[in-house]
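Structure at a glance
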Amino acid sequence: MLDLEVVPERSLGNEQWEFALGMPFSQAVSILQKHCRIIKNVQVLYSEQTPLSHDLILNLTQDGIKLLFDATNQRLKVIEVYDLSKVKLKYCGVHFNSQAIAPTIEQIDQSFGATHPGVYNPAEQLFHLNFRGLSFSFQLESWNEAPKYEPGLTFLASMQIPHGAMVRRMHIYTGNNLQETRAPPMPLACFLGNIYAECVDVLRDGAGPLGLKLRLLAAGSGVGVMADAKVRSMDRSIFFGDSCQDVLGALGSPHKVFYKSEDKMKIHSPSPHKQVPSKCNDYFFNFFTLGVDILFDSTTHLVKKFVLHTNYPGHYNFNIQEENICLLMLPWDQIQELLGHPMEKPVVLHRSSSANNTNPFGSTFCFGLQRMIFEVMQNNHIASVTLYGAPRTSSQARAESSGSSH
């Protein structure tokens, strides 16, 4: 049985690991993978057709815990303990829930002190006792008489919680209101030496994309606009035709360098039979915490493509990238209304790690539009966008970037 420390408005964890509000989904998964011998039977819950309409959830079924992540930024928003019989819980080092200590209303009062009267929800038949960043829900069904409250209060009523009431659920969140809570900014401890993208803009001219403008967040002190006491913000731009050194100077070292073995999309180019095979392979810089891959030409070592990832659940590459590009949250039909409709039919893309493996998520469809390739999932959402164009020198691209950005 897990023995966990509750920190209101912050976290649930122990000396080995901690689920902190604001942490990325991928880091929570890494914790679960590292401690898979202790934390077992984990479910990933999401909406397949409308992934932005419901929270992304990690359900620790063996331990009675749910981790609710914001669907858009995929950062931890709420920690719910829905079965207190499966865990031990303590506050400031003192247990308030264990095999020997029942989580009654009296125990909660003793451990956490006074707060406002409980709020009764007749639809759920639950009392909610709220502290800042922490709430306890008490079950009504074991009592003989329903609580009485003023007729004018049609949904919620404030009152004293009956003696002996037992906690059914506990929630940890930020702020005073569970219903209105949002995922907080990423905690400093979650940066782990990485940079993250607060936003990514595509720099364009009349013909198509020129490059990317990124607002980066990093932990620690240094040159840059201070977003708060310890997190700094920086603007960086990279363009088609930039060198490896340009990109390294702007974004730092990539998490991985990946060399292409073949170009499966080459057959869809205008004259694939006329392309001379290269003795060297083009290569990607993979920036997983930015949600961006950058392709370099193997001969010139200049940028030739950018790939932006949304990191939607239900896609084959989900959770490879730590960050999702929020500018791609529009569904494909709305993007076509803004940019126009493709002239050609889509290319069907089916991913699998080997010839013998199946892809449970199905194929995606790649549409070409204005020197961009949109990879569209079967639910009409964008999985990735590839930006491409004729390489140019950095000075040419930077001079042309005075055009619009989107």
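The residue numbers shown here count from 1 along each chain, following its written sequence. pLDDT decides what is reported in this predicted model: residues at 70 or higher carry local features, side-chain atom pairs at 80 or more are listed and counted, and totals for whole chains, interfaces and linings draw on all residues regardless. Hydrogens and water are ignored here; the side-chain numbers use all heavy atoms of the structure.

Our focus in this paragraph is the nonpolar core. Each nonpolar core is a collection of buried residues, namely Ala, Val, Leu, Ile, Met, Phe, Trp, Tyr and Cys, held together in the definition by side-chain atoms within 4.5 Å. Only protein chains enter the calculation, and the probe is 1.4 Å; a residue is then buried if its accessible area is under 20% of its type maximum, exposed if over 50%, and partly exposed in between. Core analysis: the biggest nonpolar cluster contains 49 residues, and Phe19, Leu67, Leu89, Phe136 and Phe138 have the highest contact counts within it. Every helix listed is a DSSP run of H or I at least four residues long, and every strand listed is a run of E at least two residues long, numbered separately from the N terminus. If one sorts the elements of this core by residue count, helix H1 (residues 25-34) sits on top with five residues. Here, residues are in contact when the closest pair of their heavy atoms is within 4.5 Å. Excluding residues within four positions of it along the chain, Leu89 makes contact with Leu4, Val6, Leu12, Val81, Leu84, His95, Phe96, Asn97 and Met170. Judged by nonpolar contacts, the second largest core, of 36 residues, contains Val202, Leu216, Ala218 and Phe287.

The next thing to look at is the sheet that holds strand E8 (residues 87-91). Pairing between strands is defined by DSSP: at least two bridges between the two strands are required. The five strands are arranged E3-E2-E1-E8-E9 in an open sheet whose pairing can be described as mixed. Only two strands of the sheet have a single neighbouring strand rather than two, namely strand E3 (18-20) and strand E9 (94-97). For this sheet the average axis-to-axis angle between neighbouring strands, irrespective of direction, equals 30 degrees. Here an axis means a line fitted to C-alpha atoms, over the contact stretch when the element is a helix, while the angle between two N-to-C directions is reported on a 0 to 180 degree scale. Where helix H2 (residues 105-112) meets the sheet, it contacts E8 and E9, and its direction lies at approximately 155 degrees from that of E9.

The subject of this paragraph is the environment of Ser253. Relative to the helices and strands, Ser253 is located in the loop between helix H3 (244-251) and strand E19 (256-259). Separated by 33 residues in sequence, Ser253 and Asn286 place their C-alpha atoms 9.3 Å apart. Among residues more than four places away in sequence, those in contact with Ser253 are Leu248 and Phe287.

This part is about the sheet that holds strand E21 (residues 292-296). The eight strands lie next to each other as E19-E20-E21-E22-E26-E25-E24-E23, forming an open sheet whose pairing is antiparallel. Strands at the two margins of the open sheet, each flanked by one partner only, are E19 and strand E23 (347-349). Here the average twist between neighbouring strands, direction ignored, is 20 degrees. Looking at chain direction, E19 and strand E20 (residues 283-287) are connected through four bridges and run antiparallel. Within E20, the residue paired with Val257 across the bridge is Phe285. Running at roughly 5 degrees to E20, H3 makes contact with E20, E21 and strand E22 (303-309) of the sheet. Contacting strand E24 (364-369), strand E25 (372-376) and strand E26 (382-388), helix H4 (residues 332-339) crosses the sheet at an angle of about 160 degrees to E25.

With that out of the way, let us pick up the environment of Thr72. For Thr72, the location among the structural elements is in the loop between strand E6 (65-69) and strand E7 (76-81). C-alpha separation for the pair Thr72 and Leu56, spaced 16 residues apart in sequence, amounts to 9.1 Å.

So, about the confidence of the model for the protein chain. The pLDDT value tells you how sure the predictor is about a given residue, anywhere from 0 up to 100. Considering every residue of the protein chain, the mean pLDDT works out to 84; 80% of them sit at 70 or more. pLDDT under 50 marks residues 149-158. Its contacts with residues more than four places away, or in other chains, come to 17 contacts.

Of all six residues in strand E14 (residues 167-172), five are buried, a share of seventy percent or more. In this sheet, E14 lies alongside E7 in antiparallel orientation, the contact comprising three bridges. Of the residues in E14, the one forming a bridge with Val81 is Met170.

A cavity here means a set of points on a 1 Å grid, drawn over the protein atoms and nothing else, where a 1.4 Å probe fits but cannot get out; a pocket is an open set with protein on both sides within 12 Å along at least five of seven lines, and a residue lines either one if it has an atom within 4 Å of a point. Grid points are joined across faces, edges and corners, and a volume is the space filled by probe spheres set on the points. A full pass over the atoms with the stated rule returns two cavities of 30 Å³ or more. Along its surface, the second largest cavity is lined by Tyr46, Pro51, His54, Leu56, Ala71, Gln74, Tyr312 and Pro313. For the lining of the second largest cavity, the residue count by class is six nonpolar, two polar and no charged. For this scheme, ten residues count as nonpolar: Ala, Val, Leu, Ile, Met, Phe, Trp, Tyr, Cys and Pro. Four count as charged, namely Asp, Glu, Lys and Arg, and the remainder, Gly too, count as polar.

Those residues of H3 not exposed but buried are Cys244, Val247, Ala250 and Leu251. For H3, the buried positions fall inside an angular range of 135 degrees around the axis, keeping them on one side. Summarising the geometry of H3, the exposed residues directed more than 90 degrees from the buried face are Gln245 and Gly249. Immediately beyond the C-terminal end of H3, within one or two residues, lies Gly252, with a positive phi of roughly 85 degrees. What the arc covers is the set of directions going from the helix axis to the C-beta atoms.

On to H2. Taken together, the buried positions of H2 are Ile105, Gln107, Ile108 and Phe112. Along the axis of H2, the buried residues cluster in a sector spanning 160 degrees; they form a single face. Phi for Gly113, located one or two positions after H2, is positive at around 85 degrees.

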